[in-house]
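Close look at the chain arrangement
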Amino acid sequence: MNRTFHQALYSGCGNARLLGLIEAHHNAADRYVRMLLSSLDYRGVSQAEHRELLAACRKRDAAEAVRVLKKHLCDGMETLAKAGILRNR
């Protein structure tokens, strides 16, 4: 569901090459996202951030959506790094 949510947001760009790069990134990061959401019990935080991102999109506030998305991605990465799952980033 996480991937579906993000793909739904990005699909509107209409840039097949960019969407392909995003899909490749998701494929490469999938095991880390799974660890983050399950082993580190991050699902509630992630869902709250998704709601915040969706709210910005519904308002068509691109700057806020970008801010929320960056925070969402960085917070997840930091959580993985603190847990020792990411060694080199």
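Just so it is clear, the structure is predicted and the values come from calculations on it, not from any experiment.

Calculation rules
- Residues numbered from 1 in each chain as written.
- Predicted model: local features only at pLDDT ≥ 70, side-chain atom pairs only at ≥ 80, totals over all residues.
- Heavy atoms only, no water.
- Core = buried A, V, L, I, M, F, W, Y, C linked by side-chain atoms within 4.5 Å.
- Buried < 20%, exposed > 50% of the residue type's maximum accessible area, 1.4 Å probe, protein only.
- Helix = DSSP H or I, 4+ residues; strand = E, 2+ residues; numbered from the N terminus.
- Contact = heavy atoms within 4.5 Å.
- Salt bridge = Lys/Arg side-chain N within 4 Å of Asp/Glu carboxyl O.

So, about the nonpolar core. Among the nonpolar cores identified, the biggest contains 9 residues, and these are Phe 5, Tyr 10, Leu 19, Ile 22, Leu 53, Ala 56, Ala 65, Val 68 and Leu 69. Of all the elements in the fold, those that place two or more residues in this core are helix H1 (2-10), helix H2 (16-37), helix H3 (43-58) and helix H4 (62-82). Among the elements that line this core, the one with the most residues is H4, at 3 residues. Not counting the four nearest positions on each side in its chain, Ala 56 is found in contact with Asp 61, Glu 64 and Ala 65.

With that settled, the discussion passes to the pattern of salt bridges. Here the structure, examined in full by the defined rule, presents 6 salt bridges. Asp 30 serves as the salt-bridge partner of Arg 3, at 3.9 Å between the closest nitrogen and oxygen. A residue pair is termed long-range when its members are at least 10 positions apart, and Arg 3 in helix H1 and Asp 30 in helix H2 qualify at 27 residues. Classification of Arg 3 by relative accessible area gives partly exposed; the value is 27%. The exposure class of Asp 30 is partly exposed, given its relative accessible area of 25%. Among the ionic pairs, Asp 75 bridges to Lys 71, the shortest N-O distance being 2.6 Å. Here Lys 71 and Asp 75 lie together in helix H4, a separation of 4 residues that amounts to about one turn. Exposure remark for Lys 71: the relative accessible area of 41% places this residue in the partly exposed category. Beyond isolated ion pairs, a larger network of salt bridges with shared partners links Arg 3, Glu 23, Asp 30 and Arg 34.

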